[in-house]
Amino acid sequence: MKRSDRLVSRRRFLQGVGGLALTASPLAAPFVIAQPARIKVGLMLPYTGTYASLGNAITNAFKLYVAEKGGKLGGREIEYVVLDDESEPAKAVDNASRLVNRDKVDVLVGTVHSGVQMGMVKVSRESGVLSIIPNAGAGAATGPLCAPNIFRTSFTNWQTIHALGKVMMEKGHKTAAWISWKYAAGEEMFGGFKEGYEKVGGRIVKELWLPFPNVEFQALLTEIAAARPDATACFFAGGGAVKFVKDYAAAGLKSKIPLFGNGFLTDGTLQAQGASAQGVFTTLHYADSLEIPKDKEFRLSYAKTYKLQPDVYAVQGYDAAQLLDIGLKAVKGDARATKAIIQAMEGVTVDSPRGKWKMSRAHNPIQDSYLRQVVGEQNKYVAVAWKALEDPALGCKMLA
Amino acid sequence: MDPVIFLVQVLNGIQYGLLLFLVASGLTLIFGIMGIINLAHGSFYMIGAYLAFSLTRLAGNFWLALAAGVVLAVLIGMALEWLVMRFLYGRDHLYQVLLTYGLILIFEEIRSLVWGDDVHGVPVPPALDFSIPLTDTLSYQVYRLAMSAICLAIAFGMYWLIQKTRLGMMIRAGSVNRDMVQSLGINIGLLYRLVFALGLALAALAGMLAAPISSVYPGMGNQVLIISFVVVVIGGIGSVKGALVAALAIGLADTFGQVLVPQIAGVVVYLLMAAVLLWRPQGIFGRA
């Protein structure tokens, strides 16, 4: 996809050069019609490495929405500047500045990795460029570092797991062991889980951490077996999630100490996890088999265009495009009217495939958290675990 | 700690250590005998895992896939030695680091082109896909035990090959004095090609064996590479016996580190390395 983008932009460049040559000749001059400027969307996402599939899903869905609108948002044609952030936090500030200062993008869309996001947030805050975060869940981006020009269409880490404690308590699990990687996201997830679980009277009897991205779980699984909690709650994603779920089942723990987690544990990993994931309960703001017409429409359209099933990341990318459309419509495509765009995007309700959600004052979705259960290769919708869950956005000055 | 749990943790440590040995043995072979720092070693671990994924689907049988994968790895190893590695003997380590780092990037890109960036799983062979209960809450997967047995068998096989066979004698001689061995009429070029291919095959085999209990994902080799170098350095460069002892020590240190001092679990193995190097800078079984 990256390659084709480059090709397209090269072709456009040649067209542009050709156009210049034409306008330079006096004969052609009368035929040139002034076109409204295109809107430049900078897509700064991971297209290589562990998160490549997430970056691709977000990009696909964003472009799908724009294509559905005839290639235009707010009546203006969209031009993409695509940049692979490699999930490399050290390069984040340079990459984002390049898009903003050199390529002069009107909107900055990205990214997946929270560490990279922090660099992008810095650039967004300094330059004031309109920014939409389609995945990274670092609480700070819509918390202490929140800003009028920064919006998020995904989630905060806290939001993905806060409802889990309530769910576990309702199923009669009064004590729990926690296990995750020891890094920023893992600790934010733990905070969200602990707060929700202890509020309803749950007790965390064992806290287990391993260094990111270590996947040798055997020693800690033995510890869980020895601690004998009623249930285990965890946060893992990607390759680590596959291995953890498989190891948990192989150690014979799954039938005796049920496993819970937020949706990343079983999203995009079910084919690899196979039988070991069957029956696992998770919470997330999206699920398979949601009875929402908008979702059915989206899934059909996505599958038809890309010959792939969409996932939660695709939904977030789709909503990023929807949100931008709402903002641009309000100003009839005048991308320089940042203030008016922001005003239009604030407090808006987005009709998302995940169900309608409202933009919070900290610029993060107020959304339902769903309880899902793994059945076959689907994260089947079970119930709404928490209606209209809003991140507390501690430290965000826009709340005052 | 409960004695039963303690024994289970010892088992965990040994089992992890044996797998580490399998990966690191190939590295120590190439490093110790050929003097090549092969940063792409982890890539072969990854390629092995992906081969296990594809070949198991193709052949419908894990063991068949394993055999085919080892043959493929040997062929790739020989081709690679002929294409690039043979120009590096006797050169500065910096050239080797540069080249093999480039190989990492190439193999990641090939992986992305051939297999994509998704996470995959390999089913555990049905005959070994059951668990033995150890306590009332914990069981042990038989495949893990079988894997340890295979690792042990390979350790003995390597010892026998290097210490007891004529080929092993040539390999050992070649590591000490390349020119002398050559002037005795032994084809040292071919010998090195074999050793390099063997080293890569060991890494790929480790990846294939680990695939059913691990998962198969992009960049999985990089993690293994670092810990393998730790094993090689602690054990003494070029010593297969050292690699075995060091791998077991690291397996146990990592396991008990996670259980007893979870706050610093990430650095326990590196502390162990630092301590060993202070005591014996050449590694436990290294030649001074």
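What counts, and at which threshold
- Residues numbered from 1 in each chain as written.
- Chains lettered and ligands numbered in written order.
- Predicted model: local features only at pLDDT ≥ 70, side-chain atom pairs only at ≥ 80, totals over all residues.
- Heavy atoms only, no water.
- Helix = DSSP H or I, 4+ residues; strand = E, 2+ residues; numbered from the N terminus.
- Buried < 20%, exposed > 50% of the residue type's maximum accessible area, 1.4 Å probe, protein only.
- Contact = heavy atoms within 4.5 Å.
- Buried area = accessible area lost by both parts, 1.4 Å probe.
- Salt bridge = Lys/Arg side-chain N within 4 Å of Asp/Glu carboxyl O.
- Polar contact = N/O pair within 3.5 Å; in protein donor to acceptor, adjacent residues only side chain to side chain.
- Core = buried A, V, L, I, M, F, W, Y, C linked by side-chain atoms within 4.5 Å.
- Axes fitted to C-alpha atoms, helices over the stretch in contact; angles between N-to-C directions.
- Parallel < 35°, antiparallel > 145°, perpendicular 65-115°, else oblique.
- Left-handed = near helix turned anticlockwise from the far one by under 90°.
- Pairing = 2+ DSSP bridges.
- Right-handed = clockwise from strand over helix to strand, strands pointing away.

> Help me understand the environment of B:Gly77 in this model?
Residue and element names in this part refer to chain B. Relative to the elements of secondary structure, Gly77 occurs in helix H3 (residues 62–83). Residue Gly77 is classed as buried on the basis of its relative accessible area of 0%. Taking the C-alpha atoms as reference points, Gly77 and Arg193, 116 residues apart in sequence, are found 7.8 Å from one another. Once residues within four sequence positions are removed from consideration, Gly77 is found in contact with Phe196, Ala197 and Leu200.

> For this particular structure, what's the right way to read unusual backbone geometry?
Leave glycine aside and you will find that most residues have negative phi; peptide bonds, for their part, are mostly trans. Residues and elements named next belong to chain A. The omega torsion of the bond from Gly110 to Thr111 falls at 10°, within 30 degrees of zero and hence cis. Despite not being glycine, Ala388 has its phi angle at roughly 45°, a positive value. Within the secondary structure layout, Ala388 lies in strand E15 (residues 378–389). Taking relative accessible area as the criterion, Ala388 reaches 43% and is therefore assigned partly exposed. Even without being a glycine, Ala393 presents a positive backbone phi close to 50°. Position of Ala393 relative to the elements: it lies in the segment after E15.

> Can you walk me through the interface of chain A and chain B in this structure?
Of the residues lining the interface, 34 residues belong to chain A; the matching set on chain B comes to 36 residues. Buried area between chain A and chain B, both sides added, is near 2900 Å², and the carbon and sulfur share of it is 49%. Area buried by chain A at its contact with chain B is led by A:Glu216, A:Gln218 and A:Thr222, which between them contribute 17% of it. Connecting chain A to chain B are two salt bridges. Notably, a salt bridge pairs A:Arg228 with B:Asp136, separated by 2.8 Å at the nearest N-O pair. Our count for the contact surface shared by chain A and chain B stands at twelve residue pairs in polar contact (both at pLDDT 80 or more). Those elements that place two or more of their residues in the side of chain A that touches chain B are helix H2 (52–68), strand E8 (203–211), helix H8 (218–227), helix H9 (238–250) and helix H10 (270–273) of chain A. No other element matches H8(A), which puts eight residues into the side of chain A that touches chain B.

> Any chance you could explain the nonpolar core here in plain terms?
Of all hydrophobic cores here, the largest spans 121 residues; its most connected members are A:Phe236, A:Phe244, A:Leu265 and B:Met34. In contact with A:Phe236, other than residues within four places in its own chain, are A:Ile179, A:Ser180, A:Trp181, A:Leu210, A:Phe217, A:Ala241, A:Phe244, A:Phe264 and A:Leu265. If you look at the next biggest cluster of nonpolar residues, it comprises 71 residues, including A:Leu45, A:Phe260, A:Ala335 and A:Ile342.

> Could you clarify how one ought to interpret the pattern of salt bridges in this entry?
When the charged atoms of two side chains with opposite charge come close together, those side chains can pair. Residue and element names in this part refer to chain A. Applying the stated criterion across every chain yields a total of 21 salt bridges over all chains. In this structure, Glu77 and Arg38 form a salt bridge, with 3.5 Å as the shortest nitrogen-oxygen distance. Highlighted residues: Glu77 in strand E3 (residues 76–84) and Arg38 in the loop between helix H1 (2–24) and strand E1 (39–45), separated in sequence by 39 residues. Its relative accessible area of 34% is what places Arg38 among the partly exposed residues. For Glu86, the salt bridge identified is with Lys91, shortest N-O distance 2.9 Å. Put simply, Arg38, Glu77 and Glu79 are held in one network by salt bridges that share partners.

> What is the right way to read the packing of helix H2 (residues 41–59) of chain B against helix H8 (residues 188–210) of chain B from this model?
Each pair of packed helices can be summarised by the angle the axes make with each other and by the distance between the axes. Residues and elements named next belong to chain B. Closest axis-to-axis distance for the H2/H8 pair is 7 Å, and the angle between their directions is 50°. Comparing the axis directions of H2 and H8 gives the class oblique. For the pair H2 and H8, the sense of crossing is right-handed. Residue-level inspection shows His41, Phe44, Tyr45, Gly48, Ala49 and Ala52 of H2 in contact with H8, the latter providing Gly199, Leu200, Ala203, Ala204, Ala206, Gly207, Met208 and Ala210.

> Hey, could you run me through the pairing of strand E9 (residues 231–235) of chain A in this one?
Residues and elements named next belong to chain A. The element E9 is largely enclosed, with a buried count of five among its five residues. Side chains Ala231, Ala233 and Phe235 of E9 all project onto a buried face; the interleaved residues Thr232 and Cys234 project onto the opposite face, where all are buried too. Two elements, strand E7 (residues 175–182) and E9, share five bridges in a ladder whose sense is parallel. Following the sheet pairing, Ala176 is matched in E9 by Ala231. In this sheet, strand E10 (residues 259–262) lies alongside E9 in parallel orientation, the contact comprising three bridges. Bridge assignment links Ala233 to a residue of E10, and that residue is Phe260. Once you follow E9 into H9 and on to E10, the crossover reads as right-handed.

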